[in-house]
Amino acid sequence: MEKPQYYSITVKKMNILTRHSDWLVKTQDLYNQILEFYYNLYLDTFQDGRPGSMEALRTLEKLTIPGRDRQPVQYPLPWQKVPLYFRRAAINSAIAVASSYLSREKQKIRSTSFTESVTCYKGMYRDFEGNAITLKIWTGEKWLWHRIKLRGNTIPEEGQMMSPSIVLKKTGPELHIPWKIFVKDGRTAKERMAAGEKICAVTFTNQDALTVCCVLNSDGAKENVFFVRGGAEYAHRCRQVTDKIKKSEASGSSGSSAIPNSRYWMKLKNLNDFYSHSISRQVINCTIKQGAKIIVLPEYEKEYSRILMSKAGNFSPIHLSTAIREKIKYKAWQEGLVVLELQQHNISSTCAACGASLHKKEQNFVCKNGHQGNYYLNASWNLGLKCIRGFQPKEPRTSD
Ligand SMILES: [Zn+2]
């Protein structure tokens, strides 16, 4: 039997360089007019019961586009010469918006203005070369093939391009390209554990070493350890920004306009993105280098995290862990790694070497059997052990 293919999709965002952004606006306007037409037709046609989206597309086309028999249709499309795949993309967008309208419980008012981005199906783009692409564009008068340059991102060597979208932003037009990458190792966690693969257990702290990783072999022995640092630098850079916000609030200069402060908030968001990307990447790279095939994270517990984070303050290293965790999960899948999340009860209170309870002293611990070491690393090791125990066959209970 052939092995199933696993894949992940990442959206590569690129800036569009063109002297004719007005054409892109015209194209989007037309797209949304067609969308609105089909949106209303959908809602009028399918009043009792919604069909599947393929069925809906077929029905809507039958009502609006003359077939080979050239017989007049009930609701002819009011625009001439709309390319087939442009129309189909607009119909599919319309079906999506109309379905979400129908599933809404309250505020049932039909939308009258749409600003959906244009999705380019095959036939609407060609000759993609990584830094340039040719798109079929509506100039307001005619359709033409328009070559545009792309900047700001790189496309992986492997994988497959899917229908790109033209996204008009205030900062300029962008092309968003969903990129499909096949994942080489699609085994489940259970299969990996059965094969005796190594695991990497990861915990988060409020220290400079905000991510602590422990690599275990299948027997539970600690094979390697790595601390990913950057917590202090992150907190420091955030503080510089929050100080500026406080200052501007105190001077009252932001009272009249929120714009200077929104720039600072954007900066904080960028810091969060930058550090969580870089730290998650280091965790993934180390895991790969150590040959581990499973990453174990402590389960995200909303209430626990809320208390912990409010105590540590916003923009503290531990606060960054939410973003790091999401990015680890996302990158791991692409790299053929599996991520498991386990409850973190007791991982900090016992010694991983012997199971005795421990005493914490600043960043270190000591247990009554004399084991000592880094407190946070001990927690990571315990988390890894918990994972291994969870996959061991349950021993039958002996009754006495
Ligand atoms: Zn011990």
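None of the values given here were measured: they were computed from a predicted structure.

### With respect to the coordination of the zinc ion
- Looking at the zinc ion, one finds its protein donor set to be Cys351 (SG), Cys354 (SG), Cys367 (SG) and His371 (ND1), positioned 2.1 to 2.3 Å from the metal centre.
- Viewed at the metal, the four donor atoms of the zinc ion are separated by angles of 104 to 117 degrees, and the geometry they form is tetrahedral.
- Going along the chain, you hit the donors of the zinc ion in the pattern C-x2-C-x12-C-x3-H. Taken as a pair, Cys351 in the loop between strand 13 (338-342) and strand 14 (358-361) and His371 in the loop between strand 15 (364-367) and strand 16 (372-374) lie far apart in primary sequence, 20 residues in all.
- Accessibility expressed as a relative area gives 2% for Cys351, which makes it buried.
- For His371, a relative accessible area of 31% puts it in the partly exposed group.

### Thoughts on the pairing of strand 7 (residues 165-169)
- As judged from the two bridges shared by strand 2 (residues 118-119) and strand 7, these two strands associate in the antiparallel manner. Its bridge partner being in strand 7, Val118 is matched across the sheet by Ile166.
- Relative to strand 8 (residues 172-183), strand 7 runs antiparallel, the two being bridged by five bridges. Residue Ser165 lies in a different strand from strand 8, and its bridge partner there is His176.
- Joining the antiparallel neighbours strand 7 and strand 8 is a turn of two residues.

### As for the pairing of strand 8
- Strand 8 sits mainly inside the fold: 11 of its 12 residues count as buried.
- As defined by bridge partners, strand 1 (residues 6-17) adjoins strand 8 across 10 bridges and the pair is classed as antiparallel. Note on strand 8: the bridge partner recorded for Asn15 is Glu174.
- Sheet analysis places strand 6 (residues 160-161) next to strand 8, joined by two bridges and oriented antiparallel. Looking at the pairing, Gln160 lines up with Lys180 of strand 8.

### Some points on unusual backbone geometry
- The backbone phi angle of Arg70 is positive, close to 60 degrees, even though this residue is not glycine.
- Phi is positive for Glu362, close to 50 degrees, though the residue is something other than glycine.
- The residue Glu362 is located in the loop between strand 14 and strand 15 in this model.

### Focus on the UniProt feature "domain: Cas12f1-like TNB" (unreviewed entry) in the protein chain
- In the UniProt entry, the feature "domain: Cas12f1-like TNB" (unreviewed entry) is given for residues 324-383.
- Split by type, residues 324-383 is 33% helix and 27% strand. Its first and last C-alpha atoms lie 18 Å apart.

### Topic: the sheet that holds strand 12 (residues 292-298)
- In space, the five strands of this open sheet follow the order 11-10-9-12-13, with mixed pairing throughout. One side of each edge strand has no neighbouring strand; the edge strands of this open sheet are strand 11 (222-229) and strand 13. Across the sheet, the axes of successive neighbouring strands diverge by a mean angle of 25 degrees, strand direction being ignored.
- Bridge analysis of strand 9 (residues 198-204) against strand 12 gives four bridges, and the strand direction is parallel. Each bridged residue has a counterpart across the sheet, and for Ile199 the counterpart in strand 12 is Ile294.
- Packing of helix 9 (residues 321-334) onto the sheet brings it into contact with strand 9, strand 10 (209-216), strand 12 and strand 13, and relative to strand 12 it is tilted by some 155 degrees.

### A word on the sheet that holds strand 16
- Spatially, three strands are ordered 14-15-16 in an open sheet, and the strand pairing comes out antiparallel. Each having just a single partner strand, strand 14 and strand 16 make up the two edges of the open sheet. When strand polarity is set aside, the average angle formed by the axes of neighbouring strands in this sheet is 25 degrees.
- Pairing geometry for strand 15 and strand 16, over three bridges, is antiparallel. Its bridge partner lying in strand 16, Val366 is registered against Gln372.

### Some details on the domain arrangement of the protein chain
- Taken domain by domain, the protein chain comprises domain 1 (6-15 + 128-183), domain 2 (23-118) and domain 3 (189-231 + 275-391).
- Placing the centre of domain 2 and that of domain 3 at their C-alpha centroids yields a distance of 49 Å.

### Description of the environment of Phe226
- By secondary structure assignment, the location of Phe226 is in strand 11.
- Sequence-wise, Phe226 and Tyr42 are 184 residues apart; in three dimensions their C-alpha atoms are separated by 56 Å.
- Not counting residues within four places of it along the chain, the set of residues in contact with Phe226 comprises Cys200, Thr211, Val212, Cys213, Val215, Val283, Cys286, Thr287 and Gln290.

### Observations concerning the packing of helix 1 (residues 21-45) against helix 2 (residues 53-64)
- Between helix 1 and helix 2, the shortest axis-to-axis distance is 11 Å and the interhelical angle comes to 105 degrees. When the axes of helix 1 and helix 2 are compared, the pair comes out roughly perpendicular. Contacts from Phe37, Tyr38, Leu41, Tyr42 and Thr45 in helix 1 reach Ala56, Leu60, Leu63 and Thr64 in helix 2.
- In the contact of helix 1 with helix 2, the residues fall into seven nonpolar, two polar and no charged.

### Some points on the nonpolar core
- Residues Phe86, Leu135 and Ile166 are the most contacted members of the largest nonpolar core, which totals 47 residues.
- Those elements that provide at least two residues to this core are strand 1, helix 1, helix 2, helix 3 (84-103), strand 4 (132-138), strand 5 (143-151) and strand 8.
- It is helix 1 that contributes the most residues to this core, 11 residues altogether.
- Inspection of this core shows a minimum of three residues originating in each of domain 1 (6-15 + 128-183) and domain 2 (23-118).
- Excluding residues that lie within four positions of it along the chain, Ile166 makes contacts with Ile16, Leu24, Gln28, Ser117, Val118, Cys120, Leu135, Ile137, Glu174 and Leu175.

### Describing the packing of aromatic side chains
- In the structure shown here, the tally under the stated rule is 13 aromatic pairs.
- The interplanar angle of 85 degrees and the centroid separation of 5.2 Å between the aromatic rings of Phe274 and Tyr275 together place this pair among those described as edge-to-face.
- On the basis of relative accessibility, which here comes to 4%, the residue Tyr275 falls in the buried class.
- Taken together, the aromatic side chains of Tyr31, Phe86, Trp138 and Trp143 make up a single cluster linked through ring pairs.

What counts and what doesn't
- Residues numbered from 1 in each chain as written.
- Predicted model: local features only at pLDDT ≥ 70, side-chain atom pairs only at ≥ 80, totals over all residues.
- Heavy atoms only, no water.
- Donors = N, O, S within 2.8 Å, 3.2 Å for Na, K, Ca; no water.
- Tetrahedral: all angles 85-135°; square planar, octahedral: opposite > 155°, others 65-115°.
- Helix = DSSP H or I, 4+ residues; strand = E, 2+ residues; numbered from the N terminus.
- Buried < 20%, exposed > 50% of the residue type's maximum accessible area, 1.4 Å probe, protein only.
- Pairing = 2+ DSSP bridges.
- UniProt positions renumbered as here; feature names shortened; annotations may be inferred.
- Axes fitted to C-alpha atoms, helices over the stretch in contact; angles between N-to-C directions.
- Contact = heavy atoms within 4.5 Å.
- Domains from an automatic or database assignment.
- Parallel < 35°, antiparallel > 145°, perpendicular 65-115°, else oblique.
- Nonpolar A, V, L, I, M, F, W, Y, C, P; charged D, E, K, R; others polar.
- Core = buried A, V, L, I, M, F, W, Y, C linked by side-chain atoms within 4.5 Å.
- Phe/Tyr/Trp six-rings, centres within 6.5 Å; stacked < 30°, edge-to-face > 60°.

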